[in-house]
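# Chains, contacts and geometry: an overview
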Amino acid sequence: TLNILYHGLSCFEIEAKFCNKEMRVVTDPYNTKGTGFRLPRTLSADILTVSRDSEQHNNTDAVEKPGLVITEPGEYEKGGVFVYGIPAKAEAEASLNIIYRYEFEDITIVHLGELSHKLTDEEFSRLEKVDILMLPVGGGDTIDYKIAAEIANQIEPRIIIPMHYKMPGLEAQLDGVEKFLKEYGAKAETMPKLKIAKKDLPQEETKVIILEKA
């Protein structure tokens, strides 16, 4: 079973319970300076991933005792969780964005990080059979809602969780999530956190879930 909490921008907290153990993954912790957002004070992780070396993604000091900190592409494993860091860099960009693929016991999550371009064939080939897609939709330094909708249709995950969009208190100038929902043509369900097991994944069509900021 996975419990997924959203802390705004590209930061998620994923609690995984399987084989009588628990693992916690945190993605892209941000700095308060430059974002206007604050992370919970008691944020801890067994695995911490950073998709880009920038203030919206790399505040590793905000996370207590991370066992494994991943800031480079490659293959990693800790406590039965497999993490694949996939390099994704547009030609004009100075710094690298990393797409992360997390394989829990029977659920696969992909976090696109600060993706700023349409997927290349090589990137897409590593993103098959995705159960949950964490998709930036607000523009700014990342893809806008139109490209986000294209990528959603390309990957065809079971669940999409939008991220990196306009929210109250955020200083970054981003579009709201509504533009993506209209472009993608989906209604969304809003909830404080997502608790899901493999058997609960939708089978017929992709479901969009908006998580409230925790």
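Residues numbered from 1 in each chain as written. Predicted model: local features only at pLDDT ≥ 70, side-chain atom pairs only at ≥ 80, totals over all residues. Heavy atoms only, no water.

### Some remarks on unusual backbone geometry
- Its identity as a non-glycine residue notwithstanding, K129 has a phi of 55°, on the positive side.
- Within the fold, K129 resides in the loop between α1 (121-125) and β10 (132-136).
- Although it is not a glycine, H164 sits at a positive phi angle of roughly 55°.
- Along the chain, H164 falls in the loop between β11 (159-163) and α3 (177-184).
- For H164, a relative accessible area of 2% translates into the label buried. (Helix = DSSP H or I, 4+ residues; strand = E, 2+ residues; numbered from the N terminus. Buried < 20%, exposed > 50% of the residue type's maximum accessible area, 1.4 Å probe, protein only.)

### Notes on the pattern of salt bridges
- Scanning all chains against the criterion turns up nine salt bridges.
- R52 is paired through a salt bridge with E114; the nearest N and O atoms lie 2.6 Å apart. Of this pair, R52 sits in the loop between β4 (47-49) and β5 (68-70) while E114 sits in the loop between β9 (108-111) and α1, placing them 62 residues apart in sequence. Each member of the pair, R52 together with E114, is buried.
- A salt bridge links E189 to K207; the nearest nitrogen and oxygen atoms lie 3.2 Å apart. Of this pair, E189 sits in strand β12 (residues 188-191) while K207 sits in strand β14 (residues 207-211), placing them 18 residues apart in sequence.
- Taking the relative accessible area as the measure of exposure, E189 reaches 36% and is therefore partly exposed.
- Overall, K207 belongs to the partly exposed group, its relative accessible area being 34%.
- Several salt bridges share partner residues, and in doing so they unite E13, E15 and R24 into one network. (Salt bridge = Lys/Arg side-chain N within 4 Å of Asp/Glu carboxyl O.)

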